[in-house]
Amino acid sequence: MERYNTIVKIEEIKRLTEEGEIERAVREADAIEYERLRTVSDLSVLAEAYIRGKEFSKARMIYEKIFDRSRSRRVAMQLVNLSIKLKDIEAAEDYLQEFIRIAPDDFYRYIFRYSIDKLKGEPYEVLIDSLEKLKKKEYIEKWAYELAKLYHKAGMDQKCVDECSDIILWFGEGQYVERAKALRSYYYGEMDLGWLEESRLMETQPIPPLNLS
């Protein structure tokens, strides 16, 4: 009977999360003693509700329990990501090493490395190195534009122009292509730097949603 009641509650949390009723989903998740949950799938439903509700500390606590049972790429990714969101540099470093051990060839290692080093306040050269390594492994539009911005901020004018040109050539259209065109236009004398820096075009790019497939 107890297991049946738990199944019903888990399904309700899953439904609420999928339908966007996040506050209710979080309240329902809080009412469950997660230590007594037996399956990874049940724990994952709670963790997803907490992530959607920006309850990152609770979500990480759940994923730590999952990690004790399943040391998978997916779970390690979430632990690194959540530690970064919590600005817990020490934990992020530890979980990144676990992630690299599990999936040494996964390109997300460079995104995580960049994000942790940014939290640590590392110089532009260090941040650039991670995104250049990412570019060699996987060329992703939003991170390519982030690299172009770093070149700009570091005073590496020609590299910034070249990166913007690469973005325009490779991706053709889209929001980051338009941003790259705007940034390149500054170097061609066609755009005011003050407007560019005050606009959203120079905002820092957060970690995108994880691909956990």
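Going by the structure above, here's the rest.
The present account deals with the structure reproduced in this document. (Residues numbered from 1 in each chain as written. Predicted model: local features only at pLDDT ≥ 70, side-chain atom pairs only at ≥ 80, totals over all residues. Heavy atoms only, no water.)

1. Details of the environment of A91
Inspection of the secondary structure assignment puts A91 in helix α6 (residues 89-102). Using a relative accessible area of 12% as the deciding quantity, one classes A91 as buried. Taking C-alpha positions, A91 is 7.6 Å from V80, a pair spaced 11 residues apart along the chain. What A91 contacts, discounting residues up to four positions off in sequence, is R60 and S83. (Helix = DSSP H or I, 4+ residues; strand = E, 2+ residues; numbered from the N terminus. Buried < 20%, exposed > 50% of the residue type's maximum accessible area, 1.4 Å probe, protein only. Contact = heavy atoms within 4.5 Å.)

2. As for unusual backbone geometry
Even without being glycine, K54 reaches a positive phi, approximately 60°. Positive phi, normally seen in glycine, also occurs at K87, with a value near 60°. Checked against the element boundaries, K87 lands in the loop between α5 (73-85) and α6.

3. Quick look at the environment of Y124
With respect to the helices, strands and loops of the structure, Y124 is situated in helix α8 (residues 124-137). Sequence-wise, Y124 and Y151 are 27 residues apart; in three dimensions their C-alpha atoms are separated by 8.1 Å. Not counting residues up to four positions away in its chain, the partners in contact with Y124 are L150, K153 and A154.

4. Considering the nonpolar core
I13, L46, I62, Y63, F99, F112 and I167 are the most contacted members of the largest nonpolar core, which has 62 residues in total. Once residues within four sequence positions are removed from consideration, I167 is found in contact with Y139, A144, Y145, A148, G172, Y176, V177 and A180. (Core = buried A, V, L, I, M, F, W, Y, C linked by side-chain atoms within 4.5 Å.)

5. With respect to the packing of helix α4 (residues 56-69) against α6
One can describe the packing of α4 onto α6 by two numbers: an axis separation of 14 Å at closest approach and a directional angle of 35°. Judged by the twist between their axes, the crossing of α4 over α6 is left-handed. Every residue of α6 that contacts α4 at R60, E64 and F67 is listed here: A91, Y95, E98 and I102. (Axes fitted to C-alpha atoms, helices over the stretch in contact; angles between N-to-C directions. Left-handed = near helix turned anticlockwise from the far one by under 90°.)

6. Brief notes about the side chain of E141
For E141, the location among the structural elements is in helix α9 (residues 141-153). Here E141 is buried and forms no salt bridge, its nearest opposite-charge partner K142 lying at an N-O distance of 8.2 Å. Not counting residues up to four positions away in its chain, the partners in contact with E141 are F171, E173, G174, Y176 and V177. (Lys, Arg positive; Asp, Glu negative; His and termini not counted. Salt bridge = Lys/Arg side-chain N within 4 Å of Asp/Glu carboxyl O.)

7. Digging into the pattern of salt bridges
In the structure shown here, the tally under the stated rule is 21 salt bridges. Here E33 makes a salt bridge to R36, at a shortest N to O gap of 4.0 Å. Residues K120 and E93 are paired through a salt bridge, measuring 3.1 Å at the closest nitrogen-oxygen approach. In this pair, K120 sits in the loop between α7 (108-119) and α8 while E93 sits in helix α6, placing the two residues 27 residues apart along the sequence. On the basis of relative accessibility, which here comes to 18%, the residue E93 falls in the buried class. Salt bridges here are not isolated pairs; linked through shared partners, they connect E12, R15, E19, E21 and R24.

8. A word on helix α10 (residues 157-171)
The end-to-end C-alpha separation of α10 is 21 Å, in line with the 21 Å expected for 15 residues at 1.5 Å each. Here α10 has its buried residues at C160, V161, E163, C164, I167 and I168. Along the axis of α10, the buried positions cluster into a sector of 165°, meaning they face one direction only. Relative to its buried face, α10 has exposed residues pointing more than 90 degrees away, namely Q158, L169 and W170. (Expected span 1.5 Å × (residues − 1). Arc of directions from axis to C-beta.)

9. Brief notes about the environment of F99
Relative to the helices and strands, F99 resides in helix α6. Sequence separation of F99 and R109 is 10 residues, and the distance between their C-alpha atoms is 7.6 Å. Apart from the residues within four sequence positions on either side, F99 is in contact with R73, A76, M77, V80, D106, Y108, R109 and F112.

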